[in-house]
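Chains, contacts and geometry: an overview
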Amino acid sequence: MNVKLKVLTAGALFFIGTEAVMAQKKDSVETRNIEEVVVVAFGKQKKESIVGSVVSVDQSVISNQQATSVLTAIQGSVPGVNLISSGGQPGDTPAIRIRGFSSINAAQDPLIILDGAPFMGNINSISQDQIETMNVLKDASSTALYGSRGANGVIIITTKKGKRNQKPQLSLTALTGVSGMAVDMYPLVGAKEYMELSWEALRNTYKYVNNQSDAVAAQNATNTLISNLGYNPYDVSTPVGVDGKVMQGANLLWDTDWQKEILNNTAFRNEYRLSLQGGSDNTTYFFGTDYLNQDGNVKTSNFKRLSTRINLESKVNDWLTVGFNSAFSTSSQNYPIQSGSTFGSSIQWIYSLANIYPVYMRDGNGNLILDASGNAQYDYGVNGTYTNGTRPIFQNENVPGAFYNNKIKNDRYSVNLTGFFDVKLAKGLNNKTTISHEYYTYDYFTYTNRDFGAASNVGGRVQTDRDFTFSTNINNVSTYKTSFGDHNVSVDGIFEAMKFRYNPLSAQTTGFLPNVFVHNGGTVYESISGYTTDESLVSILGRLSYNYQNKYFLEGSFRRDGSSRFAQDVRWGNFYSVGGAWVVSKEKFLENSSVISNLRFKGSYGELGNNRGIGYFPYIQAYETGWNNLDQTGVLLGGVVDPSLTWEKTSSLNAGVDLGLFNNKIQATVEYYEKKSVDLIYDKPLPISTGNSSITTNIGALKNYGWEFTVSSENIKNENFSWNTSLNFSFDKNKITELAGGNFISGTKRYEVGRSLFEFWLQEYAGVDPNDGRMMWYRDVTATDGTVTKETTKTYAQATRYYTGKNSIPDVIGGFNNSFRYKNFDLNVLLNFSFGGYIYDSQYSGLMSLARLGDQITTDIRDRWQQPGDVTDVPLLLASQNDFTSQSTRFLYKNDYVRLKSLNAGYNLPKNASKDIGVSNIRFFLQGDNLLTWQSHKGLDPEQSFAGTTDNRSYNLRTFSFGVKVDF
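From a predicted model like this one, the values you see are computed outputs, not experimental measurements.

Let us now look at the overall build of the protein. The secondary structure content of the protein amounts to ten helices and 46 strands. A compact globule built from 968 residues would reach a C-alpha radius of gyration of about 30 Å, and the protein, at 31 Å, matches this within 12%. Viewed in the frame of its principal axes, the protein has a C-alpha envelope of about 100 × 75 × 70 Å. Per-residue burial for the protein yields a buried fraction of 53% across its 968 residues. Relative to all contacts within the protein whose residues are 6 or more apart in sequence, the contacts with residues 24 or more apart total 69%. In the structure as shown, the protein presents an accessible area of about 41,100 Å², 54% of it carried by carbon and sulfur atoms. Computed over 88 positive and 90 negative side-chain charges, the inter-centroid distance for the protein is 6 Å.

Okay, structure coming up:
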């Protein structure tokens, strides 16, 4: 931790030292505009007047990445934001946490505000090319006006609009590229080595478990190898001799590379954008449309999106301005299973099924079994009782076959309509009313083949889920601004109402004829379900801002929310914030400084709420319908509820300093934050004897705290060359401060007061006994006098679980950006990094054993124990039940990484050359995402989960594209 801090501090000092020297050159420098206007809650503010923590993501950062989800642009660009990309399936949404983790069970995703209204749809429906600004609000002062929805932070997205008196500007952009895996997978053994290692595992079992002699054990392993594996990839009946080696002259008939069969390392990406914007004296307009077609990491995976946006704004007269924003998006995902432990999971298949099993059906002699048309048939492991007929694992499935025999598809349709009218009622008094409506449809379809795989026994299966989401939001903002002398006052009175409706419908049917994929072609209706849920939120809020001489700033806000998610007695929540800032650089003792151009202190405190991710009516003791007895309607009493369940509340403290040096050519921000969440909503375990396993209630409290740093510098700027640098990083901590009902175990963690939610609690690995190759763990032994000592055991059930002192949440995360321009050439390079976190790699643990013959293994198993005296950390191979891959610190690894997140290099054709061909500008550019990754633990993508666990997730994409943009 200290080493990392020193390295990052040295980097920041390097910027300052470099700039201090360069500032002496007195070259012509444009002073940075401290009057910059920033979009905040329900309006805009001058940057110097903001008393809270608001970070703007530069438009160039957004445009320099090939972001299927615009939120990925935040990673490495905003301190205090932990983001995990969604993996190799384009169109999935990344997971984001702003300033730590404010809850255990409730939703922790930030609130998204799009053009002034809460956004409830799929964020991937928004094209990055249509975004003007994206601001991240992190503290209570900046988010309190969102009250019950602001505890997890707020991301405000503003889409583009034209400028007044701007000539029509038409832009066309085309990109084409190719993607592959951003990191390499674990190295796996080939078929020959697998056969020999399987023989060794069998021999060891006969020798060390069944106590057979060396000769007998070896002969039995040779004799039973094929019957245990079920398949024989060689052209001889007994391919491995008693020496454990493949027989001379035995020819390998197949050696399946499942990675090659399943993954797509030439995944194509094509995107086309068109925009038109401009304006007259009183009216502005923007039209944008974007088409994206991107293949994923897994074969047949794909994401297609078409989005169109029209934004209009008109000043009708001196007192009335109206505007209308509209957007339509449709997208389609072909989505083969890419995570989890189901038989059809793509990555799981690669890491579970050995190379000795073929893609296509083979007879007992290893020859292909063709269908009536002479085509090879996918092998599902249930071909017959002969050799190469019955696979011992993952029977009735074949992932490459599922790609083409099954169908999994997600279709989405989204319509966003937002209109406003802004009325100037009197001098300094305005009223703005905004009405937004969103309609979002999610259509999920799966077809599991009638002839092959998991649904062949029921003649195929079709499942559809169609979710309809409607939301309407109305807010009315009355603002009064006045000045008297050196005093400036602004008052906002706001009313907001939100109506949300969720209407899902699902059905499942079996028994189909060939090439029939609709429910009315089925013979058995397995299930059908549907319901409607309505949610309402009503809010009244106010904000008061005051400043003296634009030097001393004070701000306070209050919001009262009423939510239908809680019972009437606890329905209303009160949320507030107070904050202040002092622009020290405007004081007389600094106003003429040649070094300090900006110095500002700021601080804020507030309380917010969280009511998301807990269900719509968690306080109602309801009945569950659908439990019918033949033709008699039946219901069951639902689970036990807490009628007093109430808001999670988060208090947030923020203190910071902004510094500008040498005409703001160097800028730095340091902030300390502290968030305390109380009344955490959690599914508290109950004794099963009560008839219920858990109850949703308020049980405890959490604390998140940390430091955030940002340093940016304008290193060089002249007519031909410029170089700008920025570095941001944050140190984040988390701990439980209160927990009703004692400790809770959650997977690899145990929740306990004083501990982090993310500290691993595991059995401690004690190595391998060199005498017999068995694994050992530690256990606590209590003497009669109460003294506890630590000793080793070879019985896993006796091992003690310990707190490891290691967390899945990193000590430091951040990003490092450099942008260069030389004449018409430009280059932008962004790195993001993470240090100090740990990951429990259960994927890797499954590759380190042959307890079940047929399972895939990694080349790392070559370091195994083979004879007494071997010193190694890999135990002997056994083809029998053992605990060698059981959960322990053996598979807990550092998860440090640095990633070249984006690289953008471009060339703008000289203006004269552009005019000669009738355009105003042509830009050619190369874009690369995730081009390089350095990581401490290889074999998996370092972005897995906040909990630090793995789930066979597909790998992030490395994408390289060429593009051209033409402006008319």
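Right, let's talk about the nonpolar core for a bit. One finds Ile262 and Tyr955 to be the most contacted residues of the largest nonpolar core, which totals 63 residues. Elements supplying a minimum of two residues to this core: α4 (191–209), α5 (214–229), α6 (258–262), α7 (346–352), α8 (399–405), β34 (759–763) and β41 (838–840). Considering every element that reaches this core, the biggest residue donor is α4, with eight residues. With 23 residues, the next largest nonpolar core counts Val81, Leu83, Ile98 and Ile123 among its residues.

All chains considered together, the criterion is met by 44 salt bridges. Ionic pairing is found between Glu496 and Arg149, a salt bridge with its closest N-O pair at 3.4 Å. Placement of Glu496 in strand β18 (residues 487–510) and of Arg149 in the loop between α3 (140–143) and β9 (154–159) is noted, with a sequence separation of 347 residues between them. Arg149 carries the same exposure label as Glu496, and that label is buried.

Let us look at the sheet that holds strand β37 (residues 788–793). Ordered in space as β35-β36-β37, the three strands form an open sheet in which the pairing is antiparallel. Sheet topology places β35 (765–768) and β37 at the edges, where each strand pairs with a single neighbour. Pairwise comparison of adjacent strand axes, ignoring direction, gives a mean angle of 35 degrees for this sheet. Where β35 and strand β36 (residues 775–782) come together, three bridges link them in antiparallel fashion. Counted as the bridge partner of Val768 is Met775 from β36.

Spatially, five strands are ordered β3-β8-β9-β6-β7 in an open sheet, and the strand pairing comes out mixed. The two strands at the open ends of the sheet, each matched to only one other strand, are β3 (54–57) and β7 (117–118). Across four bridges, the pairing between β3 and strand β8 (residues 131–137) is antiparallel. When the bridges of β8 are listed, Val54 appears paired with Leu137.

The topology assignment puts Ser326 in strand β14 (residues 320–334). Given a relative accessible area of 15%, Ser326 falls into the buried group. Look past the residues within four positions of Ser326 in its chain and what remains in contact with it is Thr308, Arg309, Ile310, Asn311, Asn416 and Leu417.

Attention now goes to the packing of aromatic side chains. Under the criterion given, the structure shown has 31 aromatic pairs. On the basis of an interplanar angle of 25 degrees and a centroid distance of 5.3 Å, the ring pair of Phe42 and Tyr146 is categorised as stacked. With Phe42 in the loop between β1 (37–40) and β2 (43–46) and Tyr146 in the loop between α3 and β9, this pair connects stretches of sequence that are 104 residues apart. Measuring from centroid to centroid gives 5.1 Å for Tyr231 and Tyr357, while their planes differ by 75 degrees, and the two rings are edge-to-face. Linking Tyr231 in the loop between α5 and α6 with Tyr357 in the loop between α7 and α8, this pair joins segments that are 126 residues apart in sequence. Residue Tyr231 is classed as buried on the basis of its relative accessible area of 0%.

With their axes 8 Å apart at the nearest point, α4 and α5 run at an angle of 125 degrees to one another. Of the possible angle classes, the one that applies to α4 and α5 is oblique. Classified by chirality, the crossing of α5 by α4 is right-handed. Of α5, the residues touching α4 (which contributes Tyr194, Met195, Ser198, Trp199, Leu202, Arg203, Tyr206 and Lys207) are Asp214, Ala217, Ala218, Asn220, Ala221, Thr222, Thr224, Leu225, Ile226, Asn228 and Leu229. Here the contact of α4 with α5 is composed, by residue class, of eleven nonpolar, five polar and three charged.

Side chains Val81 and Leu83 of strand β4 (residues 81–84) all project onto a buried face; the interleaved residues Asn82 and Ile84 project onto the opposite face, where all are buried too. Taken together, the four bridges between β4 and strand β5 (residues 95–98) define a ladder with antiparallel strand orientation. Bridge pairing links Asn82 to Arg97 in β5.

Mapped onto the fold, Ser954 is located in the loop between β45 (933–935) and β46 (957–967). Judged by its relative accessible area of 2%, Ser954 falls in the buried class. There is a polar contact of 3.0 Å between the side chain of Ser954 and the backbone nitrogen of Gly88. For Ser954, the side chain forms a polar contact with the side chain of Gln338, separated by 2.8 Å. Ignoring any residue separated from it by four or fewer positions in sequence, one finds Ser954 in contact with Gly87, Gly88, Gln89, Asn297, Val298, Gln338 and Ile347.

Turning our eyes to something else, we now look at unusual backbone geometry. Positioned with a positive phi, Asn396 is a non-glycine residue whose angle comes to about 70 degrees. With respect to the helices and strands, Asn396 occurs in the loop between α7 and α8. Judged by relative accessible area, which is 22%, Asn396 ranks as partly exposed. Despite not being glycine, Asn663 has its phi angle at roughly 55 degrees, a positive value. Note on placement: Asn663 falls in the loop between β26 (648–661) and β27 (666–678).

The end-to-end C-alpha distance of α4, which contains 19 residues, comes to 26 Å, matching closely the 27 Å that a straight helix rising 1.5 Å per residue would cover. Remark: Asn211 follows α4 within two positions and exhibits a positive phi of approximately 60 degrees.

The subject of this paragraph is the confidence of the model for the protein. Counting all residues, the mean pLDDT for the protein is 90, and 96% of those residues have values of 70 or more. Counting interchain partners and residues more than four positions distant, the pLDDT-below-50 stretch residues 1–34 has 49 contacts.

With that out of the way, let us pick up the environment of Asn952. Residue placement: Asn952 occurs in the loop between β45 and β46. On a C-alpha basis, the gap between Asn952 and Val78 in space is 29 Å, while along the polypeptide they are 874 residues apart. What Asn952 contacts, discounting residues up to four positions off in sequence, is Gln338, Ser339, Gly340, Ser345, Ile347, Gln348, Tyr351 and Gln843. Among the polar contacts listed, one links the side chain of Asn952 to the side chain of Gln348, at a separation of 3.3 Å.

Turning our attention to a nonpolar patch on the surface. Residues Ile310, Leu312, Phe324 and Leu417 make up a contiguous nonpolar surface patch of about 310 Å² in total accessible area. Counting through the fold element by element, Ile310 comes out in strand β13 (residues 302–315). We classify Ile310 as partly exposed; its relative accessible area is 35%.

With 16 residues, α5 extends 22 Å from end C-alpha to end C-alpha; this agrees with the ideal 22 Å at 1.5 Å per step. Of the residues trailing α5, Gly230 is marked for its positive phi of about 85 degrees.

Now for the environment of Val51. Of note, Val51 is situated in the loop between β2 and β3. Between the C-alpha atoms of Val51 and Ser604, which are 553 residues apart in sequence, the distance is 6.7 Å. When near neighbours in sequence (up to four residues on either side) are disregarded, Val51 contacts Ser141, Phe553, Glu555, Gly579, Gly580, Ala581, Lys602, Gly603 and Ser604.

Our next topic: the pairing of strand β16 (residues 429–448). Regular strands place side chains that alternate from one sheet face to the opposite one. Bridge analysis of strand β15 (residues 407–426) against β16 gives 19 bridges, and the strand direction is antiparallel. Bridge assignment links Gly419 to a residue of β16, and that residue is Ile435.

Cut-offs used in this document
Residues numbered from 1 in each chain as written. Predicted model: local features only at pLDDT ≥ 70, side-chain atom pairs only at ≥ 80, totals over all residues. Heavy atoms only, no water. Helix = DSSP H or I, 4+ residues; strand = E, 2+ residues; numbered from the N terminus. Rg over C-alpha atoms; globule rule 2.2 N^0.38 Å. Buried < 20%, exposed > 50% of the residue type's maximum accessible area, 1.4 Å probe, protein only. Contact = heavy atoms within 4.5 Å. Areas by Shrake-Rupley, 256 points an atom, 1.4 Å probe, with all protein chains shown as cover. Lys, Arg positive; Asp, Glu negative; His and termini not counted. Charge placed at Lys NZ, Arg CZ, Asp CG, Glu CD. Core = buried A, V, L, I, M, F, W, Y, C linked by side-chain atoms within 4.5 Å. Salt bridge = Lys/Arg side-chain N within 4 Å of Asp/Glu carboxyl O. Pairing = 2+ DSSP bridges. Axes fitted to C-alpha atoms, helices over the stretch in contact; angles between N-to-C directions. Phe/Tyr/Trp six-rings, centres within 6.5 Å; stacked < 30°, edge-to-face > 60°. Parallel < 35°, antiparallel > 145°, perpendicular 65-115°, else oblique. Left-handed = near helix turned anticlockwise from the far one by under 90°. Nonpolar A, V, L, I, M, F, W, Y, C, P; charged D, E, K, R; others polar. Polar contact = N/O pair within 3.5 Å; in protein donor to acceptor, adjacent residues only side chain to side chain. Expected span 1.5 Å × (residues − 1). pLDDT = per-residue confidence, 0-100. Patch = residues over 30% accessible without salt bridge, like charges linked within 9 Å, V, L, I, M, F, W, Y side chains within 5 Å.

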